[in-house]
Structure formats: structure tokens, C-alpha cells
Amino acid sequence: MINRRHIRVKVMQSVYAMQQSHSDDLVKEEKFLKHSIQKMYDLYVLNLQLLVEVQKLARKRIELSKKKILATKEELNPNTKFIDNKLLNSLNESVSLEGYVELNKLNYWDLDDEYVKILLDELQKSDIYKKYMDTVEDSYNVDKAFVIDFFRDIVAPNEKLADYFEDKMISWVDDIPFVNTWILKSLNKQKANKPFILGSLYKDNDDKVFVSDLFTKTMLHQHKYEEDIKEKTPNWEADRIADIDMIIIKMAITEFLHFPSIPSRVTINEYIELAKDYSTNKSGYFINGVLDKLAKDYLSSNKMVKIGRGLL
């Protein structure tokens, strides 16, 4: 499921896009933000489905080899450890996974099956595959460990696949690392003899509401924050502050003033990390200093009210 940090990333990107396009259609932009997050779930499903399709192709190749007129002994009696993999079979038999693919018409691997072939070929040449196929032990844990290694070491780092996803939807570039981690967590949690069930996109309704509230409140109140920011950055003109830094500060102020259940220190830490990933090397220090001063001022003037113990 999507976490609060990645929600903040998606909101930051939407605020930036709205500012750069000079759009004033808040409803349209919020709708696109939610669409972008939903498409991230599609990316998650597509990667899981890709694992299934690689196994299906391996099974198809084995069946075709058996039908050769001059089939070898190995082709007639192949090692079926991969096509019998218990975790992959649970993905293949997953009603929720298949249902989501059909409902949302995610027929990518039917149309672009060359990526399935690329991954199977790369897998079968790897030491991961050879070691797994030579393993005598037949257990769910061995099968699961192999699938995790396959995804982590072969699927996730594949540059051709990453380029393909980027061509399909530009926002997926930033989503890929998060989705890859999400998939590994999902595979790790899967238990033997349990059906694979797709998890929820959001942890709960609070997180779903957080997306809309953080975006709309930041956009609606951002101009009010500029005077406060100016006071805390006397040596900086507004146009000298990087666009992303300014957006990050404004989003943090929104959390200070409009999200009483989020501790101010959590907000500061989260946006420092965002700055490290998406802005300049020095942005983290700059944003930390500005937000720390603002938080103290808002607290002393009772503008910032946090509910609960230890929330300051």
C-alpha cells in the first residue's frame, strides 16, 4: 500500500505541475493527482502479472520442446521446478489479481510480450536460476526465496523494462522504486497454502483523505504562507528559493496549521527527506532551519495546535 511519504511526493509533483502550467482548475488537478496514484497501483499489479507471464512462457516452451520430432531426453523429461513454483502458482491462481487485470484491461503483456521473453531469457542464463533448478529441497520457502531473488535481481533492475514503463506513463519513473519495494514486501508476506490477495492501495480512509486535503489546502493557502516564509528567510528573495524548496516549505506549513494529528517533528523530518531526494544537496539544511523557526513561532502564537500527547 502507498505510505504517507509517497503521498507527499505525489502531492509535491502535482503542486509543481499546477504551478508550472499556471492552471487554476483545482478540481481538475486534484482528479489527475488521484488518477496518478491509482495508476501506481496498476504498475504494482503489472509487475506481479509479469512474474506469472514469465512462468507461463517457460511452461509453453517446455510443451513445445516435447513435441519436437527429434526431442532430446532432457526435452522429453524436463526439470519442472520453475513451472511448479508454488508462489508463482499462487499468483497465477489469484482471483483478485486476475480480476483486477481484466477489469482494468491491463493487457500489456499480451501486446508487448517481448519483455516477457527478455526476462525469461535473462533468468535462465542467471546463476539464480541454475542454483534453484539444481536444489533438491522442494519447499515453499525455497520457492519463495527464488521468486524474491528473481524479482529483486533481474526484474527490478531491468533497464529495458524501466524504459517501457516510462514510455507508458511518465509519472511511473518516480513510482518504480516504491512499487518495487512494495512488491518485495508482498512476496515476503505471502504464506504457504494461502491464496494471494491484492492489498489495498491506501492503508485506510484517512490516508485517502490526506491526499486531497494536503493538495487542496496547500494550493488554497499557499499565498498566505509567503509572508511567513519571507520573515524567516531575510537574506533570500523569494525568486532565489528553488521552486521545489518553496513547495516543500508550503506543504509543511499546511501540515503545521491544518493537520493537528501529525506531529510537527514528523512533518519536518519528512520534508527534509523529500528535499534530499528531489532538490539540491543543501536544501535539507535550509528547509530544516526555516521549518524549525516557523514551527516555534506558530506554537508560541497558538496558530499551530496539535492534538494528543507528544505531537509537537
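- Per an unreviewed UniProt entry, the chain is named Transcription antitermination factor NusB, and its organism is Tenacibaculum singaporense.
- Quoted verbatim from the Sequence similarities (unreviewed entry) field of the UniProt record, the comment on the chain reads "Belongs to the NusB family."

A closer look at the packing of aromatic side chains
Working step 1: Under the counting rule described, the total for this entry stands at 19 aromatic pairs.
Working step 2: Note on Y44 and W182: the rings are 4.0 Å apart at their centroids and 10 degrees apart in plane angle, and the pair reads as stacked. Of this pair, Y44 sits in helix α2 (residues 26–66) while W182 sits in helix α11 (residues 172–189); the two residues are 138 residues apart in sequence, bridging distant segments of the chain. Taken as a pair, Y44 and W182 share a single burial class, namely buried.
Working step 3: Here the aromatic rings of F256 and Y298 are separated by 6.3 Å at their centres, their planes lie at 65 degrees, and the arrangement is edge-to-face. In this pair, F256 is assigned in helix α13 (residues 243–258) and Y298 in helix α15 (residues 283–300), connecting sequence segments 42 residues apart. The pair F256 / Y298 is uniform in exposure class, with both members buried.
Working step 4: Connected via pairs of aromatic rings, a cluster forms that spans Y108, W109, Y115, Y164, F165 and W172.
Working step 5: Positioned over the ring face of F210 is R4, at 4.1 Å from the centre of the ring.
Working step 6: Here the basic side chain of K81 rests over the ring of Y132, its NZ or CZ set 5.2 Å away from the ring centre.

Here's the deal with unusual backbone geometry
Working step 1: If you check the backbone angles, H22 has positive phi at about 60 degrees while not being a glycine.
Working step 2: Residue placement: H22 occurs in the loop between α1 (4–21) and α2.
Working step 3: For N193, which is not glycine, the phi torsion reads 60 degrees and is therefore positive.
Working step 4: By the secondary structure assignment, N193 is in the loop between α11 and α12 (205–232).

Side note on a negative patch on the surface
Working step 1: Where like charges cluster on the molecular surface, the negative patch consists of E159, D163, E166 and D167.
Working step 2: With respect to the helices and strands, D163 occurs in helix α10 (residues 159–168).
Working step 3: Overall, the relative accessible area of 44% leaves D163 in the partly exposed class.

Concerning the packing of helix α7 (residues 114–125) against α10
Working step 1: Remark: α7 packs on α10, axes separated minimally by 10 Å, with the N-to-C direction vectors making an angle of 160 degrees. With respect to each other, α7 and α10 are oriented roughly antiparallel. Seen along the crossing, α7 lies across α10 with a hand that is left-handed. Counting all contacts with α7, which are made through Y115, I118 and L119, the residues of α10 involved are K160, L161 and Y164.

Quick word on α12
Working step 1: Between the first and last C-alpha of α12 there are merely 35 Å, a value that for 28 residues lags more than 12% behind the 40 Å anticipated at 1.5 Å per step.
Working step 2: Of all the bends in α12, the greatest measures close to 60 degrees and is centred on Q222.
Working step 3: Between a side-chain oxygen at the N-terminus of α12 and the backbone nitrogen of D206 the separation is 3.1 Å; the capping residue is D204.

Examining empty space enclosed by the protein
To find leftover empty space, one rolls a probe the size of a water molecule over the atoms.
Working step 1: Here the structure, examined in full by the defined rule, presents 1 cavity of 30 Å³ or more.
Working step 2: As a volume, the largest cavity reaches approximately 70 Å³.
Working step 3: As for the largest cavity, its lining consists of L43, N47, V155, A156, N158, L161, A162, F165, I176, V179 and N180.
Working step 4: Of the residues that constitute the lining of the largest cavity, the class distribution is 8 nonpolar, 3 polar and no charged.

Here's the deal with the environment of E93
Working step 1: Tracing the sequence through the fold places E93 in the loop between α4 (86–92) and α5 (95–103).
Working step 2: Along the sequence, E93 and F286 sit 193 residues apart, while their C-alpha atoms lie 51 Å from each other.

Focus on the domain arrangement of the chain
Working step 1: On domain assignment, one finds that the chain holds domain 1 (4–189) and domain 2 (205–301).
Working step 2: Relative to domain 2, the C-alpha centre of domain 1 lies at a distance of 36 Å.
Working step 3: Counting from both sides, the interface comprises 21 residues of domain 1 and, opposite them, 24 residues of domain 2.
Working step 4: Surface buried jointly by domain 1 and domain 2 totals about 2200 Å² across both partners, of which 72% is contributed by carbon and sulfur atoms.

Reading the values: rules and limits
- Residues numbered from 1 in each chain as written.
- Predicted model: local features only at pLDDT ≥ 70, side-chain atom pairs only at ≥ 80, totals over all residues.
- Heavy atoms only, no water.
- UniProt positions renumbered as here; feature names shortened; annotations may be inferred.
- Phe/Tyr/Trp six-rings, centres within 6.5 Å; stacked < 30°, edge-to-face > 60°.
- Helix = DSSP H or I, 4+ residues; strand = E, 2+ residues; numbered from the N terminus.
- Buried < 20%, exposed > 50% of the residue type's maximum accessible area, 1.4 Å probe, protein only.
- Lys NZ or Arg CZ within 6 Å of the ring centre and 35° of its normal.
- Patch = residues over 30% accessible without salt bridge, like charges linked within 9 Å, V, L, I, M, F, W, Y side chains within 5 Å.
- Areas by Shrake-Rupley, 256 points an atom, 1.4 Å probe, with all protein chains shown as cover.
- Salt bridge = Lys/Arg side-chain N within 4 Å of Asp/Glu carboxyl O.
- Lys, Arg positive; Asp, Glu negative; His and termini not counted.
- Charge placed at Lys NZ, Arg CZ, Asp CG, Glu CD.
- Axes fitted to C-alpha atoms, helices over the stretch in contact; angles between N-to-C directions.
- Parallel < 35°, antiparallel > 145°, perpendicular 65-115°, else oblique.
- Left-handed = near helix turned anticlockwise from the far one by under 90°.
- Contact = heavy atoms within 4.5 Å.
- Expected span 1.5 Å × (residues − 1).
- Bend = angle between axes of the 7 residues up to and from the residue.
- Polar contact = N/O pair within 3.5 Å; in protein donor to acceptor, adjacent residues only side chain to side chain.
- 1 Å grid on protein atoms, 1.4 Å probe; cavity = no way out; pocket = protein on both sides within 12 Å on 5 of 7 lines; lining within 4 Å.
- Points joined across faces, edges and corners; volume = space filled by probe spheres on them.
- Nonpolar A, V, L, I, M, F, W, Y, C, P; charged D, E, K, R; others polar.
- Domains from an automatic or database assignment.
- Buried area = accessible area lost by both parts, 1.4 Å probe.

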